[in-house]
Amino acid sequence: MAGKFELKKGKTGKFSFNLKSGNGQVVFTSQTYDSKRSASAGITSVKKNAVKDGAFERKASTKGQPYFVIKATNGQVIGKSQMYANAVSMEKGIKSVAKNAPTADTTDLTVEAPKAKAAPKKKAAAKKAVKKAPAKKTAKKAPAKKKAAAKKAVKKAPAKKAAAKKAPAKKAAAKKTVKKAVKKAVKKAPAKKAAKKKAPAKKKK
């Protein structure tokens, strides 16, 4: 795998970059920059100077550990390596930088990932809501109950009609009683006339 530069922003708001070899190991770390633009310029400088052996300055820490720095053409230190256990390991580190830096791509870690990816979750929630919506359609059962009640009401209605049909029977009974009363009255009336005819017989005395 090819090496790469990783541009990042620190907690203090300053910028820096690391050069990683093909196996992902950090072989070079820059100084801090006040702006992203300056850090990007530092990466360009490392790419140009990494092919020059004179740009590498070999040093040792206070504990005697060897390391190296890379200087720009103006003599400014661009960054430094990690601490090595011995000079042989340091020389391998220099060769790794010289090999990977010139063609390494830059990964900008200061750019935040787009938040638009969270939108599909809302769409998924909307789809769930749509799927649950048909459950409300069970409310259509209500008309069935109303229809059943209406049918019962229709069945009961003929019973009322039957009651209505019984009413004429009462009227017929009433007519019969009236006719009987009239006949009795008619039969009694001649008896009264006969009594009137008998009355003149008393005048002969």
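Shown above is the structure to which this text applies.
Calculation notes
Starting afresh in each chain, residues are numbered from 1 along the sequence in its written order. In keeping with the predicted nature of the model, local features appear solely for residues at pLDDT of at least 70, side-chain atom pairs appear and are counted solely at 80 or more, and the whole-chain, interface and lining totals rest on all residues. Water and hydrogen atoms were dropped before computing side-chain values, which therefore reflect all heavy atoms in the structure. Starting at the N terminus, helices and strands are each numbered in turn, a helix being any DSSP run of H or I of at least four residues and a strand any DSSP run of E of at least two. Accessibility here uses a 1.4 Å probe with only protein chains present; expressed as a share of the type maximum, an area under 20% marks a residue as buried, one over 50% as exposed, and anything in between as partly exposed. Pairs of residues are marked as contacts when any of their non-hydrogen atoms sit within 4.5 Å. A 1.4 Å probe and the Shrake-Rupley method give the accessible areas. Residues count as covered only by the protein chains that appear here. DSSP-based pairing: two strands are paired if at least 2 bridges between them are found. In this description, a line fitted to the C-alpha atoms serves as the axis of each element, helices being fitted only across the stretch in contact, and the angle between N-to-C directions of two axes falls anywhere from 0 to 180 degrees. Definition used for salt bridges: Asp or Glu carboxyl oxygen within 4 Å of a side-chain nitrogen of Lys or Arg.

(A) Geometry of the overall build of the chain. The helix and strand tally for the chain stands at 4 helices and 7 strands. Helices (α) and strands (β) of the chain occur, in sequence order from the N terminus, as β-β-β-α-β-β-β-α-β-α-α. Across the 205 residues in the chain, those meeting the buried criterion constitute 21%. In the chain, the proportion of contacts linking residues at least 24 apart, taken out of those at least 6 apart, comes to 47%. A total accessible area of about 16,200 Å² is found for the chain, and carbon and sulfur atoms account for 60% of it.

(B) View of the sheet that holds strand β3 (residues 26-30). Strand order in the open sheet formed by 7 strands is β4-β5-β6-β3-β2-β1-β7, with mixed pairing between adjacent strands. Each edge of the open sheet is held by one strand with a lone partner, namely β4 (56-60) and β7 (105-108). In this sheet, neighbouring strand axes are inclined to one another by 30° on average, regardless of whether the strands run parallel or antiparallel. Bridging between strand β1 (residues 4-9) and β7 involves 4 bridges; their strand directions are parallel. Paired with Lys4 across the strands is Asp105, a residue of β7. Sheet contacts for helix α2 (residues 87-100): β2 (15-20), β3, β4 and β5 (66-71); angle to β5, the most-contacted strand, approximately 30°.

(C) Quick look at the pattern of salt bridges. Here the structure, examined in full by the defined rule, presents 8 salt bridges. A salt bridge links Lys14 to Asp34, with the shortest nitrogen-to-oxygen separation between them at 3.6 Å. Of the two residues, Lys14 sits in the loop between β1 and β2 while Asp34 sits in the loop between β3 and α1 (36-49), which places them 20 residues apart along the sequence. You can call Lys14 partly exposed: its relative accessible area is 37%. Overall, the relative accessible area of 63% leaves Asp34 in the exposed class. For Glu57, the salt bridge goes to Lys59, with nearest N and O atoms at 3.8 Å.

(D) Quick peek at the pairing of β3. When β2 meets β3, the two strands line up antiparallel, connected through 3 bridges. Across the sheet, the residue bridging to Leu19 is Phe28, located in β3. Hairpin connection between β2 and β3: a loop of 5 residues separates the two successive antiparallel strands, and Gly24 in this loop has a positive phi of roughly 85°. The sheet contact formed by β3 and strand β6 (residues 77-80) spans 2 bridges and is antiparallel. Bridge pairing links Ser30 to Gly79 in β6.

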